[in-house]
Each structure stands twice: as C-alpha cells, then as structure tokens.
Amino acid sequence: MIDVVYFAWVRERIGVPREQVETKAATVRDLIAELRGREERYDLAFSDTSALRVAVDQTLADFDAPLEGAREIAFFPPMTGG
Amino acid sequence: MIDVVYFAWVRERIGVPREQVETKAATVRDLIAELRGREERYDLAFSDTSALRVAVDQTLADFDAPLEGAREIAFFPPMTGG
Amino acid sequence: MDIRVQEAAFDVGAELNSFTARAAGAGAVVSFSGLVRDVNGGLRAMTIEHYPGMTEKALTEIAQQAVTRWALADAFVVHRYGQLKVGELIMMVATAAPHRADAFAAAEFLMDYLKSRAPFWKKEETGNGADWVAAKDADEDALKRW
Amino acid sequence: MDIRVQEAAFDVGAELNSFTARAAGAGAVVSFSGLVRDVNGGLRAMTIEHYPGMTEKALTEIAQQAVTRWALADAFVVHRYGQLKVGELIMMVATAAPHRADAFAAAEFLMDYLKSRAPFWKKEETGNGADWVAAKDADEDALKRW
C-alpha cells in the first residue's frame, strides 16, 4: 500500500486529495500506467505527463524513480510559488 | 571669482571646506596648476590627481572641463557611499 | 535561519526589522516581497495551495544552499497559503551578508528556486471563473544561471 | 519617487511598509539596506561626509535612470550622514516593479551607482585614529555591467 496525493488541477480532476493504492508497480511511470487503466478521470489527469511533476516521499523525482520503500507519491502541475 | 569646495581628506589637507578663488584658469586642470603654485598644502593635496575627482557646478566632470560660466568647483577623493 | 509557511498575513516591515536586528553584523541586507497583482483586471482573489511537509522541507533545503554558497550571515523565508486579496503580501525572502553582491545574488537564487521548486500552486478567481496559474518557461529558465 | 539625505536615524521596516503601500500594484518589491560593519574589530564610529546639494541631485538622477530603464512603479533612497555607530543603518534603497527581475536589477544598479557616483565619504575611527575609507576598484568595476 502506498499513499498517493494530488495537488492543484490534478487533485481537481481526480476528485480526491489523497488515497491509498494497492500496487506492485516498480516505478512512478508504472504506477501512472496502472492508475490510467482504472478509470477515465485518472486517464484524463495523467494524459500529458510533460505537464506533471512527481515527488517521492516529499522529494522531487523522475518518472523513472523506483517505488520500492516509498510511502508517499505526489502528483501535481509545475509549481507557481513566489 | 569662483567658489572652490573640498571634501574628505582633500578638505583636511587644504584646511578649509570652501574658499573663493580669483582665477583666469580656462580648465579644471589649469585651476589645479594655479592652486599648486600657491602654497605647499595645495601642492600636497593635488599631487596625485588620479586619486581625485572633480565636480563643476555639482556635476562630475573631467579635469579638462572648461571653467567658463562655472560658479562652483569641488575637489574630493573617489566616493564611498552606500 | 527562519523558514515559515503560514496562512496568516505578515508585516513585511516588522519582519525586515527583526531580521536586520538578528543579522546586524552582516553589513548588507536584501529583501524581496511579492504581492498579489491584478495583471489583467478583474482578479477577485488568489488561492494558494501547498504540500504541507514537503513545502517546509523544500524551502529549508533551498535556504541552506543559499547560506552555504554565499556564506550568508542569515536567511529568512515566509510564504503564505490560503485565500489572498489583490495587493496582499504573498511572500518574502531576506538575506544578510558582509557584501552586497552576495546578499543580492542569494536573494535572487532563493526566489528563482522558490518559484519553481517549492510546492505552491496559485489559483486566480475572476468574473469568468477560477483558473490555475500556468508556470512560466522564463521561471524554469531562470534556474539555469545558478 | 522619494529621495532623502538626512542625519537622523530611520526605521527600515517602517520605510519598507510605507514604500510597499505606495507601490502595492507593482507585485515585486526589493530592498537593500547597508549597516555599519566592524570589519577588523575596534571600530568606534563611522562619520559620513557628503556634498549638500550635489548629493540630492546625484541620487535623484540615479533613481530616475533606474525608474526609466526598468519601468519601475516606484523607487526610494534614504542615506544618512554624520556620526554612526557599529550596527546602525547607513542607507536603504527600495524598488517596485511588475516583475522580480526588474526590481532586483534596478536595486543593484541603484546601489552600484550610489556607491561610486553619489558624493559621500566615509571615515572610520578606531583606537589607532581615524581614516578615510578607500574606494574599492571592485565598486568602480561594478558600474561596467550596466
């Protein structure tokens, strides 16, 4: 089980801010593929990964980052602070 | 008659902050030559013009600046504000 | 080093005064503050979402990098989240160093990284609805100079 | 635009607050403040001499150049003269612009020109007597980038 959290329009498209996901995905990219297969709202939210960023355990990561040992995966658009 | 003003160590070497000078000097450089001829304290203060800056009527100028029409000439070291 | 993420408004003058008092030996203090700006007219409110936990972690890492790289005497970041009105302060950074060039460079570095690497997202609400602010290529490009 | 040359101390936080209130539409505000620093230990006091009349004129020209070149919403300079103690504020500049890069560049430009083109001279008093601070080549060189 892994915690998956969403922010900004990713959260709005998926409809929940956080959920627990049962997965055997090896990488972030594999997890995205799994989620897209679930329901249309996921397919829509993850349709353009170039518009997405990912954090593994609260550190920015690549889509190829391994999930082994990870507790929390976050998906969100490019940040716009400041 | 022209007002000549001095700041910082130039003022200290010459011993007065301001004086009126009767001169027919055509340029700042000519005025410096005249002053150096007057007394040792002027000769000392103006011995190294590379260490001096000049303003004509409160605007930074070159040593070749003409004095015609000028009312106030200021001599001082490079500025150290901020 | 003082890093704060808060919903409450802050007083930029009071923050600068207390930062300056702490860093008085440094000689040079630079501050940057960002305010909600109504670029196209009609902005009713801005809502800032963030990633609790990661935000503080990312800001602390960015500030520590700045302190190390420019030998800062001190650094300060405060960033708000929640709903803000036009003209309200969004955030502030401050840096203190012996020389002005270091204080300026470190403040610009902090801002560039904060813009694109700290997990904040802005949503703007106008008469035509609400939209997430798109990240600017220029902000991502700004990181390349460091 | 507000340019002040004064003997009295000033409150950097209060000045930043009133500048920010005046420039609220701008979005980005940068401030720089300089404090008396005891670099080698033993500094008792710093005395700043200036050229009344020319100082205000030079600062106004520098600030006007900054406002024009970076389309600033506003600019502010305050610089003290007279006797100052270690840790006291010497001066402050502030700039306001729609974008942070302009506010930062204009503040750095103001500082570089103020350092080498505004008629202020610093004298430092230590246990070994008093000496005029020498201008730094680096400060003159800093002007070349603009």
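Residues numbered from 1 in each chain as written. Chains lettered and ligands numbered in written order. Predicted model: local features only at pLDDT ≥ 70, side-chain atom pairs only at ≥ 80, totals over all residues. Heavy atoms only, no water.

When you go through chain C residue by residue, the secondary structure sums to four helices and eight strands. What you see for chain C is a C-alpha radius of gyration of 16 Å, in line with the 15 Å of a compact globule of 146 residues. Referenced to the eigenvectors of the C-alpha coordinate spread, the extents of chain C come out at roughly 50 × 35 × 30 Å. Of all 146 residues assigned to chain C, the portion counted as buried reaches 55%. Within chain C, counting contacts between residues at least 6 apart in sequence, those at least 24 apart form 77% of the total. As presented, chain C carries roughly 5,900 Å² of accessible surface, and 48% of it is formed by carbon and sulfur atoms. Charged side chains of chain C number 16 positive and 20 negative; the gap between the two group centres comes to 2 Å. (Helix = DSSP H or I, 4+ residues; strand = E, 2+ residues; numbered from the N terminus. Rg over C-alpha atoms; globule rule 2.2 N^0.38 Å. Buried < 20%, exposed > 50% of the residue type's maximum accessible area, 1.4 Å probe, protein only. Contact = heavy atoms within 4.5 Å. Areas by Shrake-Rupley, 256 points an atom, 1.4 Å probe, with all protein chains shown as cover. Lys, Arg positive; Asp, Glu negative; His and termini not counted. Charge placed at Lys NZ, Arg CZ, Asp CG, Glu CD.)

The next subject is the arrangement of the chains. Most contacts, when the three pairs of chains in contact are compared, are made between chains C and D. At their nearest point, the C-alpha atoms of chain A and chain B are still 28 Å apart, with no contact between the two. Separated without contact, chain B and chain C have their nearest C-alpha atoms at a distance of 10 Å.

What follows deals with the interface of chain B and chain D. If you look at the interface, chain B gives 21 residues, while chain D gives 25 residues. Carbon and sulfur atoms supply 56% of the area buried between chain B and chain D, which totals about 1,800 Å² over both sides. By the criterion of area lost to chain D, the three top residues of chain B are Met-79, Thr-80 and Gly-82 of chain B, representing 38% of everything that side buries. Applying the counting criterion to the chain B and chain D interface returns two salt bridges. (Buried area = accessible area lost by both parts, 1.4 Å probe. Salt bridge = Lys/Arg side-chain N within 4 Å of Asp/Glu carboxyl O.)

With that settled, the discussion passes to the relation of the copies chain C and chain D. By a simple turn and slide, chain C fits onto chain D: the slide is 0.0 Å along the axis, the RMSD is 0.0 Å, and the turn is 180°. Taken together, the rotation and translation relating the two chain copies correspond to the operation of a two-fold axis. Proximity to the rotation axis, assessed at the C-alpha, singles out Gly-13 of chain C in chain C; its C-alpha lies 1.8 Å from the axis. Counting the interface residues of chain C, we find that 100% of their copies in chain D are interface residues as well, pointing to one common contact surface. (Least-squares fit on C-alpha atoms with pLDDT ≥ 70 in both.)

Moving on to unusual backbone geometry. Residues and elements named next belong to chain A. The phi dihedral of Ala-8 is positive, around 55°, even though this residue is not glycine. Inspection of the secondary structure puts Ala-8 in helix H1 (residues 8-14). Overall, Ala-8 belongs to the buried group, its relative accessible area being 0%. Its identity is not glycine, yet Asp-57 carries a phi of approximately 50°, on the positive side. Among the secondary structure elements, Asp-57 is positioned in the loop between strand E3 (53-56) and strand E4 (59-61). On the basis of relative accessibility, which here comes to 26%, the residue Asp-57 falls in the partly exposed class.

Turning to the pairing of strand E1 (residues 2-6) of chain B, a few remarks are in order. All names here are of chain B. Counted residue by residue, E1 has four buried out of five residues, so it is predominantly covered. Pairing of E1 with strand E2 (residues 18-21), which is carried by four bridges, proceeds in the antiparallel orientation. Note on E2: the bridge partner recorded for Asp-3 is Gln-20. The sheet contact formed by E1 and strand E5 (residues 72-76) spans four bridges and is parallel. Among the inter-strand pairings, Val-5 is bridged to a residue of E5, identified as Ala-74. (Pairing = 2+ DSSP bridges.)

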